[in-house]
Amino acid sequence: MEKPMFKTVQEVIAAGEGLPERYLHEPTGEGESQPLNCSVPDMDIPAIDLSLLFSSSEEGREELSKLHSALSTWGVMNHGITEAFLDKIYKLTKQFFALPTEDKQKCARETGNIQGYGNDMILSDNQVLDWIDRLFLTTYPEDKRQLQFWPQVPVGFSETLHEYTMKQRVVIEKFFKAMARSLELEENCFLKMYGENAIMNSRFNFFPPCPRPDKVIGIKPHADGSAITLLLPDKDVEGLQFLKDGKWYKAPIVPDTILINLGDQMEIMSNGIYKSPVHRVVTNREKERISVATFCVPGPDKEIL
Ligand SMILES: O=C(O)CCC(=O)C(=O)O
Ligand SMILES: [Fe+2]
């Protein structure tokens, strides 16, 4: 199929033609009266050890109440995972986006397909574009993978993504069980709604340094449409912010953790007790930033109640 004509943000920068107007963000939403790059306070999300939640000890009960409070306040929590493995993913993501354009184009998205490498999806002519390039891959179930979009270079990318997907499945199962426990529900109730055929999509996000962080946004305010999202925000560069009571708060950098973010489907599954938070990504004048978001979506055979 013919590849669509598009310029990624990296190509826009390389062309040296200045900042196209299409990237100038119109501040119309809640909490958007201040410049995008104004300083905002830290949010206080706890790091929670999901395995501890299954112990009936005092410590286990404490962890469970921490989970309840984090999810009902923010809809977000952190969970530790081995450092060396996460480092591998960060490194491969950086290496992929540092490849020459022709190499990245080998994974380029095709018209009508969400999978592959490209810029912000252009859905309408007057859409303000996000300052982001991305590689979007369905990782689970394995028969939904479109391997022609999986990078051959850097070497080890596909194997590591497969391994990460399997590790994430363990975290997801624990998380759904823990969430049911935190609401005093039958342990498997969310897992059953989520289903065996749940789909996982990983999106590798790259935000190049931006000349106008006051006017250009990395990702517009949104809530994820998933059940849950497992997110690896950049290890060094901040940018992710969450909206609460009309104010933005920044997600602090917590090393060696996955940030678990509830999506709209989980808000419904928990009868609104847990919220799907609105969040955005701001840009940085000097530094590039990466993140890897995995959206976990119930299978098409599931009805969300
Ligand atoms: O880059 C980040 O930290 C967040 C990414 C995000 O919100 C998304 O991909 O939906
Ligand atoms: Fe998001």
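Residues numbered from 1 in each chain as written. Chains lettered and ligands numbered in written order. Predicted model: local features only at pLDDT ≥ 70, side-chain atom pairs only at ≥ 80, totals over all residues. Heavy atoms only, no water.

(A) Quick look at the pairing of strand S6 (residues 228-233). Of all 6 residues that make up S6, 6 are buried, and the element is covered over most of its length. Here S6 shows no split at all, with Ile228, Leu230 and Leu232 on one side and Thr229, Leu231 and Pro233 on the other all buried. Direction of pairing for S6 relative to strand S9 (residues 257-262): antiparallel, over a ladder of 4 bridges. For Leu230, the partnering residue across the bridge sits in S9 and is Ile260. (Buried < 20%, exposed > 50% of the residue type's maximum accessible area, 1.4 Å probe, protein only. Helix = DSSP H or I, 4+ residues; strand = E, 2+ residues; numbered from the N terminus. Pairing = 2+ DSSP bridges.)

(B) Inspection of the nonpolar core at higher detail. Phe175, Phe176 and Ile228 are the most contacted members of the largest nonpolar core, which totals 55 residues. If you tally residues by element for this core, the top one is helix H5 (residues 157-182), at 10 residues. Phe207, Leu231, Phe242 and Val281 belong to the second largest nonpolar core, which has 16 residues in total. (Core = buried A, V, L, I, M, F, W, Y, C linked by side-chain atoms within 4.5 Å.)

(C) Spotlight on the UniProt feature "domain: Fe2OG dioxygenase" (unreviewed entry) in the protein. Mapped onto the present numbering, the UniProt feature "domain: Fe2OG dioxygenase" (unreviewed entry) falls on residues 195-298. Annotated as 6% helix and 47% strand, the span residues 195-298 places its first and last C-alpha atoms 6 Å apart. (UniProt positions renumbered as here; feature names shortened; annotations may be inferred.)

(D) Region of the structure containing the sheet that holds strand S5 (residues 217-222). Strand order in the open sheet made by the 4 strands is S5-S10-S7-S8, with antiparallel pairing throughout. At either end of the open sheet lies a strand with only one pairing partner, and these are S5 and strand S8 (247-250). Mean inter-strand twist for the sheet, computed between neighbouring axes without regard to direction, equals 30°. Relative to S8, strand S7 (residues 240-244) runs antiparallel, the two being bridged by 4 bridges. Bridge pairing links Lys244 to Lys247 in S8. (Axes fitted to C-alpha atoms, helices over the stretch in contact; angles between N-to-C directions.)

(E) Here's a closer look at the site of ligand 1. In the vicinity of ligand 1 there are 14 residues, among which Arg203, His222, His279, Arg289 and Ser291 approach most closely. At a separation of 2.8 Å, an oxygen atom of ligand 1 approaches a polar side-chain atom of Arg289. Expressed as a share of its isolated accessible area of 300 Å², the protein-covered part of ligand 1 is 98%. Contributing elements (two or more residues each) for the shell around ligand 1: strand S4 (199-207), S5, strand S10 (279-282) and strand S11 (289-297). (Near = heavy atom within 4 Å. Polar contact = N/O pair within 3.5 Å; in protein donor to acceptor, adjacent residues only side chain to side chain. Areas by Shrake-Rupley, 256 points an atom, 1.4 Å probe, with all protein chains shown as cover.)

(F) Expanded view of helix H3 (residues 83-98). Taking 1.5 Å per residue as the helical rise, H3 with its 16 residues ought to reach 22 Å, and the 23 Å between its terminal C-alpha atoms agrees with that figure. Those residues of H3 that fall on the buried side of the exposure criterion are Phe85, Leu86, Ile89, Tyr90, Leu92, Thr93, Phe96 and Phe97. One side of H3 holds all its buried residues, which, seen down the axis, span an arc of 165°. Looking at H3, the residues exposed on the side facing more than 90 degrees away from the buried face are Ala84, Lys91 and Ala98. (Expected span 1.5 Å × (residues − 1). Arc of directions from axis to C-beta.)

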